[in-house]
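# Observations on chain architecture
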Amino acid sequence: MLDVKGVGKTFTGGTVALQATDLSVQENDFIAILGPSGCGKSTLLRMVAGLDAPSGGTITLDGKTVAGPGADRGMVFQSYTLFPWLTVLENVCFGLREKGMPLAQQREIAQRFLAKVGLKGFEKHYPKQLSGGMQQRTALARALANNPRILLMDEPFGALDHQTRELMQELLLGIWEDERKTVLFVTHDIDEAIFMGSRVVVMSARPGRIKCDIPVPMPHPRHYSMKTTPAFAELKARLTEEIRTEVQRAAGLLP
Ligand code: ADP
Ligand code: MG
């Protein structure tokens, strides 16, 4: 459904952010992408989103070449990207309004997704009146309300405290288990990647490339207690080893 073929990115000035990369994402996949800082994870996601153009290679979504942003791809970033002058409900309705959907229908859809992320009753609040976790839940509801083919998430829980982050993981996982949305999820948290991912892709230090692509065989529905099972620990040990070398390389501690 999403095909990344030979996609690389060299920025003007000569920084090679990403080497020629192949990634094939199937419908309903939840791909977690792990990699050291600066290895090109955001660049890859931004190119899939159509916010940056690849220097080489092609990206196709359902057979169509990605040439710019579109409603078929929903983005959630780390920093809060809600419109501060709009209420929670208006934020979630935003894309639907752009599509020209009648107001009653916009509201019905927005309310449904706000209920899914546990924000019923907060429709009239403004972003600044919400905690960080609630703002990210609003951003998630906004992305889902547009019914994208694929959800692109760039360290969406990176700015949240540990407990809120775990809560958000469970929430997103539950929504994924209900809706089976296709997700590309960038994180630097190994537990988060295994807990939610159906595959974990590890990227090498910059210039990034895909170092390994490991399936997560744990069945759904998943429960947080899975994080303490031997199977989880085994997978975590393997991924820790894979990523450690790359973090050391990124820090210049390995050749
Ligand atoms: P990650 O998200 O994995 O931390 P990025 O994709 O943000 O990494 O960045 C990859 C590399 O590309 C980094 O070295 C970064 O400094 C560089 N880079 C990112 N965006 C730009 C840009 N607009 N212009 C020049 N270099 C950039
Ligand atoms: Mg990044």
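Read on for a plain summary of the structure. (Residues numbered from 1 in each chain as written. Chains lettered and ligands numbered in written order. Predicted model: local features only at pLDDT ≥ 70, side-chain atom pairs only at ≥ 80, totals over all residues. Heavy atoms only, no water.)

Every residue close to ligand 1 is listed here: F11, A17, P36, S37, G38, C39, G40, K41, S42, T43 and R206. Between C39 and ligand 1, the recorded distance is 3.2 Å, taken from a backbone N or O atom to an oxygen atom. Between ligand 1 and S42 there is a distance of 2.8 Å, counted from an oxygen atom to a side-chain nitrogen or oxygen. In the complex, 61% of the free accessible area of ligand 1, which totals 560 Å², lies under the protein chains. Broken down by element, the shell around ligand 1 gets its largest block of residues, three residues, from helix α1 (residues 41-49). (Near = heavy atom within 4 Å. Polar contact = N/O pair within 3.5 Å; in protein donor to acceptor, adjacent residues only side chain to side chain. Areas by Shrake-Rupley, 256 points an atom, 1.4 Å probe, with all protein chains shown as cover. Helix = DSSP H or I, 4+ residues; strand = E, 2+ residues; numbered from the N terminus.)

Residues other than glycine predominantly adopt negative phi, and peptide bonds predominantly adopt the trans conformation. Following R206, the chain continues into P207 via a peptide bond in cis, with omega recorded as -5°. Relative to the assigned elements, P207 resides in the loop between β9 (199-203) and β10 (210-215). At D62, a residue that is not glycine, the phi angle is positive and equals roughly 50°. Relative to the helices and strands, D62 resides in the loop between β4 (56-61) and β5 (64-65). Despite not being glycine, E155 has its phi angle at roughly 45°, a positive value.

Here the focus is the sheet that holds β5. The strand order across the open sheet formed by four strands is β2-β1-β4-β5, and the pairing between neighbours is antiparallel. Edge positions in the sheet fall to β2 (16-25) and β5, since each of these pairs with one other strand and no more. Bridge analysis of strand β1 (residues 2-10) against β2 gives six bridges, and the strand direction is antiparallel. Bridging across to β2, D3 finds its partner in S24. Each of β1, β2 and β4 is contacted by α1, which is oriented at about 120° to β1, the strand it contacts most. (Pairing = 2+ DSSP bridges. Contact = heavy atoms within 4.5 Å. Axes fitted to C-alpha atoms, helices over the stretch in contact; angles between N-to-C directions.)

Of the pockets and cavities examined, the largest pocket occupies roughly 480 Å³. Taken together, 19 residues form the lining of the largest pocket, with R73, G74, M75, R142 and N146 sitting closest to its centre. Elements with a contribution of two residues or more to the lining of the largest pocket: β6 (73-76), α2 (88-98) and α4 (132-145). For the lining of the largest pocket, the residue count by class is ten nonpolar, five polar and four charged. In this structure, the second largest pocket encloses a volume near 160 Å³. As for the second largest pocket, its lining consists of 13 residues, and the residues nearest its centre are G35, P36, S37, K41 and H188. Of all the secondary-structure elements, those providing two or more residues to the lining of the second largest pocket are α1 and α7 (230-250). Its residues assigned to classes, the lining of the second largest pocket comprises five nonpolar, six polar and two charged. (1 Å grid on protein atoms, 1.4 Å probe; cavity = no way out; pocket = protein on both sides within 12 Å on 5 of 7 lines; lining within 4 Å. Points joined across faces, edges and corners; volume = space filled by probe spheres on them. Nonpolar A, V, L, I, M, F, W, Y, C, P; charged D, E, K, R; others polar.)

In this fold, G8 is placed in strand β1. A sequence separation of 199 residues divides G8 from P207, and the C-alpha atoms of the two residues are 9.4 Å apart. Residues in contact with G8, not counting those within four places in the same chain, are L18, Q19, A20, M47, P54, S55 and G56.

For the rest of this paragraph, the subject is the pairing of β10. The pairing of β9 with β10 spans five bridges and is antiparallel. Residue pairing across strands places V200 opposite I214, the latter belonging to β10.

Here we take up the nonpolar core. Ranked by size, the top nonpolar core spans 52 residues in total, and within it I194 and L239 carry the most contacts. The element that contributes the greatest number of residues to this core is α4, accounting for seven residues. Setting aside anything within four residues of it in sequence, one finds I194 in contact with V200, V216, M218, R222, M226, F232, L235, K236 and L239. (Core = buried A, V, L, I, M, F, W, Y, C linked by side-chain atoms within 4.5 Å. Buried < 20%, exposed > 50% of the residue type's maximum accessible area, 1.4 Å probe, protein only.)

Under the counting rule described, the total for this entry stands at five aromatic pairs. Between F30 and W176, the ring centres sit 6.1 Å apart and the planes meet at 75°, which makes this aromatic pair edge-to-face. A residue pair is termed long-range when its members are at least 10 positions apart, and F30 in strand β3 (residues 30-34) and W176 in helix α5 (residues 162-179) qualify at 146 residues. Seen in terms of ring centroids, F83 and W85 are 5.4 Å apart; in terms of plane orientation they differ by 40°. Their pairing is tilted. Judged by its relative accessible area of 22%, F83 falls in the partly exposed class. Three or more aromatic residues link up through ring pairs in this structure, and these residues are F30, F157, W176 and F185. Positioned over the ring face of F83 is R142, at 5.4 Å from the centre of the ring. Against the face of F195 rests K227, its NZ or CZ located 4.7 Å from the ring centre. (Phe/Tyr/Trp six-rings, centres within 6.5 Å; stacked < 30°, edge-to-face > 60°. Lys NZ or Arg CZ within 6 Å of the ring centre and 35° of its normal.)

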